[in-house]
Amino acid sequence: MLLQIPDVLTSEQVAHARYQLETSKWVDGRVTAGYQSALVKDNMQLPEDHPVARELGDMILESLQRNALFVSAALPLRVFPPLFNCYRGGHSFGNHVDNAIRQIKGTPLCIRTDLSATLFLAEPDEYDGGELQVEDTYGCHSVKLPAGHMVLYPSTSLHNVQPVTRGARIASFFWIQSMVRDDAERTLLFDLDTAIQRLSLDIPDHPAAVQLTAVYHNLVRRWAHV
Ligand code: NI
């Protein structure tokens, strides 16, 4: 499932992030690429342990913890500390799949990448190109969102970033290990949760809502690994 999550950050938070990022020193993005993706990756990144990356990363993680849509869709177990990249002057990232396992720098902790996230920090009219293209069984999806909005997609998907031919595309990107590893099971849980919430809004206190909620939790019990 590919899902857009609006307003993960407020416009004030985006402005704060942009100011911090514009005054930081960026490095070649190949530092976090595997062997194969290093061949197609051409962008700039903030070093993983840069204090600005950590401060802004914590701000993003705090917002996500409070974001009901994110929690319902991702059922997060662990979230990789957010990274930051910048594409400008023709930078692009060819078709690739993200590494399955990532170690969190400076710790022995590893996460399995079940979901990939891109949080846009530049407005679409600030740059030309830079679409994130994600392939799934229904074809290729092109994503370019307003600043502060995020896209979530299965890390099993082939994806690329189109060349940026004007301006700069600034974004945060990271991965989530979900309590429910399988995308199809996670999508069923998300659809069920969404339907229960709509039912509860339209017909408060309907007894079926309790039964459906029990089904939801019993499926989580069956499918989740914590
Ligand atoms: Ni990628």
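The structure we're discussing is the one just above.
Anyway, here's the lowdown on the structure attached to this text. Small disclaimer: the values here were computed from a predicted structure and weren't measured.

1. Topic: the nonpolar core
Soluble globular proteins tend to bury their nonpolar side chains together.
Consideration 1: Counting residues in hydrophobic clusters, the biggest one holds 32 residues, and the most contacted among them are L9, L21, F70, F84, M150, L152 and I176.
Consideration 2: Those elements giving two or more residues to this core turn out to be β1 (3-5), α1 (11-22), α3 (51-65), α4 (68-74), β6 (83-88), β10 (115-120), β14 (150-154) and β17 (168-178).
Consideration 3: Counting residues per element, this core draws most heavily on α3, which supplies six residues.
Consideration 4: If we ignore the near neighbours within four places in the chain, the residues touching I176 are F70, A74, P76, R78, V79, I111, R112, T113, D114, L115, A117 and L152.
Consideration 5: Counting residues in each nonpolar core, the second largest holds 13 residues, with Y87, F93, F120 and L132 among its members.

2. Structural notes on α3
Consideration 1: Compared with the 21 Å implied by 1.5 Å per residue over 15 residues, the 21 Å span of α3 between its first and last C-alpha is a close match.
Consideration 2: For α3, every residue scored as buried is listed here: V52, A53, L56, G57, M59, I60, S63 and L64. For α3, the buried positions fall inside an angular range of 160° around the axis, keeping them on one side. Exposed residues pointing more than 90 degrees away from the buried face of α3 are listed as P51 and Q65.

3. Let's talk about the pattern of salt bridges
Consideration 1: Applying the stated rule across the entire model yields seven salt bridges.
Consideration 2: Note that R30 and D28 form a salt bridge whose closest N and O atoms lie 3.0 Å from each other.
Consideration 3: For the salt bridge of R112 with D114, the shortest nitrogen-to-oxygen distance reads 2.8 Å.
Consideration 4: Classification of D114 as buried rests on a relative accessible area of 8%.
Consideration 5: Taken together, the shared-partner salt bridges in this structure form one network comprising R18, E22 and E126.

Rules behind the numbers
Residues numbered from 1 in each chain as written. Predicted model: local features only at pLDDT ≥ 70, side-chain atom pairs only at ≥ 80, totals over all residues. Heavy atoms only, no water. Core = buried A, V, L, I, M, F, W, Y, C linked by side-chain atoms within 4.5 Å. Buried < 20%, exposed > 50% of the residue type's maximum accessible area, 1.4 Å probe, protein only. Helix = DSSP H or I, 4+ residues; strand = E, 2+ residues; numbered from the N terminus. Contact = heavy atoms within 4.5 Å. Expected span 1.5 Å × (residues − 1). Arc of directions from axis to C-beta. Salt bridge = Lys/Arg side-chain N within 4 Å of Asp/Glu carboxyl O.

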